[in-house]
Amino acid sequence: MKVPDKKDFLSMSFEELTEFITASGYQKFRAKQIYEWMYRGNDFSQMSNIPEKMRIDLDGMAVINLPKIRKKLVSDIDGTIKYLFLLNDGNFIESVVMKYNYGLSVCISSQCGCRMGCRFCASTIGGKVRDLLPSELIGQIIVASADIGERISHIVMMGIGEPLDNYDNVIKFLKLVNQPEGLGISYRNISLSTCGIVPKISELANLAFPITLSISLHASNDISRSEIMPINNTYSISELLYACNNYFKKTGRRISFEYTLISGKNDSKENAKELASVLKKHISGPIHVNLIPLNPVIERDFKTVDRHFAQKFADILKSLGVNATVRRTLGPDINASCGQLRRSEEINNK
Ligand code: SF4
């Protein structure tokens, strides 16, 4: 990261920034001004109510580490916006803003690349490059919101990377987005998706933030899950679901399960029955399964299923008492699967 000796203001809480500003000899109210400017996507040069001398001094000792928009794709069909962001050190990440009747929701990346190796996923093809800083996590929301000119009210951590593999920065980020002086986004409007790093799910449960946990399950038994998700060789489905049930007990929040349907791999009637049975066996609270027809990745030869087929899979789950929906395809005209935009940009830049 290119900010070694400078303070990363966007990674600081309001209290931390206030402390730094007063310790640097400035009046306390300056911290509030700086906070407001940077949360609107501005750098020091744009802070017009701060004296020029102070702005120059701040620029010498701190950075406002916001990503830059490298590409922006807007769906003609439903207005979904996909951003390719350039980070300060030349790496790229993706974010997607979706429009719902309750407001704008952003899906953000948590790492540059990913080391989890899920076989159906483009984000992991080049491995993990590095973790994102709290400023780079929150920066995706600030820049997208400033670009669109509207408040973003919901966050989904389901973009590039495994959030629980960047645990400390993600926890700091969750506290930052919730601050009233910053974005003031309610924990209840945040959903965190994980492939299932069990000890980190337990740590998160102990914090008892009322965020929604979303588990990338994608298989109904250990043999087929281990084939497509290497994490399953470390934590089995039953260990994972045990941790999920504890999460539910500690937070009272419903757990949702993501299940990507891959033709001939995990999409049979028997898979549906097995899935219903394993979820009901381990989870005592409400369960919701999101079924996602695979978005094929060029580098892999997995095939998808059609929506009609996915609906039948959902009907079997529902007939067995498990709530299930087939996820709506947002922005079908810009619907390169997660990680592919970043990957093509990196290949073009080589
Ligand atoms: S699905 Fe998520 S955890 Fe798995 S490789 Fe892709 S980004 Fe990583």
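Note that this is a predicted model, so its numbers are computed, not measured.

Draft legend 1. Main features of the domain arrangement of the chain. Considered domain by domain, the chain is made up of domain 1 (7-63) and domain 2 (68-348). Using only C-alpha atoms to locate each centre, domain 1 and domain 2 end up separated by 34 Å. For the pair domain 1 and domain 2, the summed buried surface comes to about 990 Å²; carbon and sulfur atoms form 59% of the total. Contact with domain 2 buries surface across domain 1, with L10, S11 and Y39 losing the most and accounting together for 51% of the total. Inspection of the region where domain 1 meets domain 2 yields 1 salt bridge.

Draft legend 2. Representation of the pairing of strand β13 (residues 287-293) within the structure. The element β13 is largely enclosed, with a buried count of 7 among its 7 residues. Here β13 shows two buried faces, one formed by I287, V289, L291 and P293 and the other by H288, N290 and I292. By the bridge criterion, 7 bridges tie strand β12 (residues 255-261) to β13 in an arrangement that is parallel. Bridge pairing in β13 links E258 to N290. Between the parallel elements β12 and β13, the chain passes through helix α9 (residues 269-282) in a crossover that is right-handed. Bridging between β13 and strand β14 (residues 323-326) involves 4 bridges; their strand directions are parallel. Considered in β14, the bridge of H288 is made with N323. Of the crossover connections in this fold, the one passing from β13 over helix α10 (residues 307-319) to the parallel β14 is right-handed.

Rules behind the numbers
Residues numbered from 1 in each chain as written. Predicted model: local features only at pLDDT ≥ 70, side-chain atom pairs only at ≥ 80, totals over all residues. Heavy atoms only, no water. Domains from an automatic or database assignment. Buried area = accessible area lost by both parts, 1.4 Å probe. Salt bridge = Lys/Arg side-chain N within 4 Å of Asp/Glu carboxyl O. Buried < 20%, exposed > 50% of the residue type's maximum accessible area, 1.4 Å probe, protein only. Helix = DSSP H or I, 4+ residues; strand = E, 2+ residues; numbered from the N terminus. Pairing = 2+ DSSP bridges. Right-handed = clockwise from strand over helix to strand, strands pointing away.

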